[in-house]
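Residue-level listing of the chains:
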Amino acid sequence: MLELAIGIILGGCALGAGCAMIAGIGPGIGEGHAVAKACEAIGRQPECKGDVTTTMLMGCAVAETTGLYALVIAILLIFVAPGRFVDILMQAVGN
Amino acid sequence: MSIIFLLLSVLSFAAAIVIKILFVPASEGIDITGAHVFFTVKLPIQDLPITESQVNSWCVMLGILFLCLFLTSGLKTRNVSVRQLLAEWIVEKTTNLVKTNMGEFFEGFAPFVAAVLGLSAFSSLSSLIGLFPPTSDINITAGWAILVFFLITYYKMKAGPWIYLKSFGQPVPLLAPLNIISEFATPVSMAFRHYGNVLSGSIISLLVAVGLSGLSKTIFSFLPGALADFPYLRIGIPAVLSLYFDLFSGGLQAFIFAMLTMLYISGGFPAEEYAARKKKREERKAARAAVMNANKRESA
């Protein structure tokens, strides 16, 4: 019975991490748009390539934030949460 | 004399490696445990663990300090050395960057921005010599982000606390809770952005390295004896990933952290209100001085 419970915990954590990383779609699309527009702008005005590239990198980094939140959640779910949950389960079983 | 500073700068990075070799037990295979705790200082309220990231960031700070001393020692006005040209180039570039992004009022921020940029870049790049990069610890980046948050709030309050409080009610007072949340989201997002980028890079590199060693074991299992155990595929291939994650991503995140610092500080500063307040104060001062002068003349 205990094995089943721990298995459910580990599986739930892995599934949760996978679901959290669905958030990676958003920043991917957003950054793709940003880079496409930057390419257009450079094609139109090649002389301001440096400025456009700097601004694009800034925007990409800011757009990446939501993806990184998901990443942090996924990392916590894979490396930190299972140990905590198993500890809680063990305490509950001990009592 | 200047060579001594360069040696000390290299030594402080070497010291971090020596400390790591002495304190961290050798382990086989993969372990993603975060920063190792070297020792714990007993304090009355809560124990203070001295972790790898703290020690490494102090070593990086010492390294940068001695590097700066090396670059700026023996300055001359004629027959300048390459070293001095490099130092002048760094100072000029950061001053220009700060001036174009923050305006004339914040020109004095150039050393702070350069310090943030250098510390962040060197911390991320320290993973190239096998150290635990301090920026992949949330505590380090959160510390920097909190410092930036205090600076932002200080410059927002520069035009008086009432204007600062009133800015939460913009554009409608109903949105005040959301404005307060977004105020606190600034340091959180800055900390998580830097930490997440560096940590994800190191985790992906580690997973790829471990996966490649397993793959090479299955592919080269026909070789006799110890030759089959040697991870051939791990030669060179992880270095390509390191090129992106350590060099490009580390440098880019350092630049972005410094850039966001500048933009947030200068963006939150209410320039018009500050100018109006300054003007009003000067007018009041002038009026008071005029009254005093008149009183003096009367009494004389």
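Here the structure is a predicted model, which is why all the values come from computation and not from measurement.

A. A look at the interface of chain A and chain B. Facing 13 residues of chain A, the contacting portion of chain B comprises 18 residues. Here chain A is connected to chain B by zero salt bridges. Run the count over chain A and chain B and you get three residue pairs in polar contact (both at pLDDT 80 or more). For the side of chain A that touches chain B, the elements supplying multiple residues, two or more each, are helix H3 (49–63) and helix H4 (65–94) of chain A. Considering every element that reaches the side of chain A that touches chain B, the biggest residue donor is H4(A), with seven residues. Of the residues assigned to the side of chain A that touches chain B, the class counts are 10 nonpolar, two polar and one charged.

B. Examining empty space enclosed by the protein more closely. All names here are of chain B. Inspection of every chain in the model, using the stated rule, returns two cavities of 30 Å³ or more. In this structure, the largest cavity is lined by Ser-124, Ser-127, Pro-133, Val-198, Gly-201, Ser-202, Phe-245, Asp-246 and Gly-250. Listing elements by their share of the lining of the largest cavity, those giving two or more residues are helix H7 (176–219) and helix H8 (237–268). Here the residues of the lining of the largest cavity sort into three nonpolar, five polar and one charged. Every residue lining the second largest cavity is listed: Met-190, Arg-193, His-194, Gln-253, Ile-256, Phe-257 and Leu-260. Elements supplying a minimum of two residues to the lining of the second largest cavity: H7 and H8.

C. A look at helix H2 (residues 52–72) of chain B. Residue and element names in this part refer to chain B. Helix length check: H2 (21 residues) gives 30 Å between terminal C-alpha atoms against 30 Å at 1.5 Å per residue, within 8%. Those residues of H2 not exposed but buried are Glu-52, Ser-53, Val-55, Asn-56, Ser-57, Cys-59, Val-60, Gly-63, Ile-64, Phe-66, Phe-70 and Leu-71. Where H2 is buried, its residues contact helix H1 (2–23), strand S1 (37–41), strand S2 (48–51), helix H3 (82–102), helix H4 (110–125) and helix H5 (138–156).

D. Inspection of the packing of aromatic side chains at higher detail. Residue and element names in this part refer to chain B. Counting across every chain of the model gives 22 aromatic pairs over all chains. With centroids separated by 5.1 Å and ring planes inclined at 65 degrees, the aromatic side chains of Phe-106 and Tyr-155 adopt a geometry described as edge-to-face. Residue Phe-106 is located in the loop between H3 and H4, and its partner Tyr-155 is located in helix H5; the two are separated by 49 residues in the primary sequence. Take Phe-106 and Tyr-155: they sit in the same class, and that class is buried. Judged by centre distance (6.2 Å) and plane angle (55 degrees), the rings of Phe-192 and Tyr-195 are tilted. Linking Phe-192 with Tyr-195, this pair stays in helix H7, spanning three residues, or about one helical turn. Among the residues examined, Phe-192 registers a relative accessible area of 23% and is labelled partly exposed.

The rules we used
- Residues numbered from 1 in each chain as written.
- Chains lettered and ligands numbered in written order.
- Predicted model: local features only at pLDDT ≥ 70, side-chain atom pairs only at ≥ 80, totals over all residues.
- Heavy atoms only, no water.
- Contact = heavy atoms within 4.5 Å.
- Salt bridge = Lys/Arg side-chain N within 4 Å of Asp/Glu carboxyl O.
- Polar contact = N/O pair within 3.5 Å; in protein donor to acceptor, adjacent residues only side chain to side chain.
- Helix = DSSP H or I, 4+ residues; strand = E, 2+ residues; numbered from the N terminus.
- Nonpolar A, V, L, I, M, F, W, Y, C, P; charged D, E, K, R; others polar.
- 1 Å grid on protein atoms, 1.4 Å probe; cavity = no way out; pocket = protein on both sides within 12 Å on 5 of 7 lines; lining within 4 Å.
- Points joined across faces, edges and corners; volume = space filled by probe spheres on them.
- Expected span 1.5 Å × (residues − 1).
- Buried < 20%, exposed > 50% of the residue type's maximum accessible area, 1.4 Å probe, protein only.
- Phe/Tyr/Trp six-rings, centres within 6.5 Å; stacked < 30°, edge-to-face > 60°.

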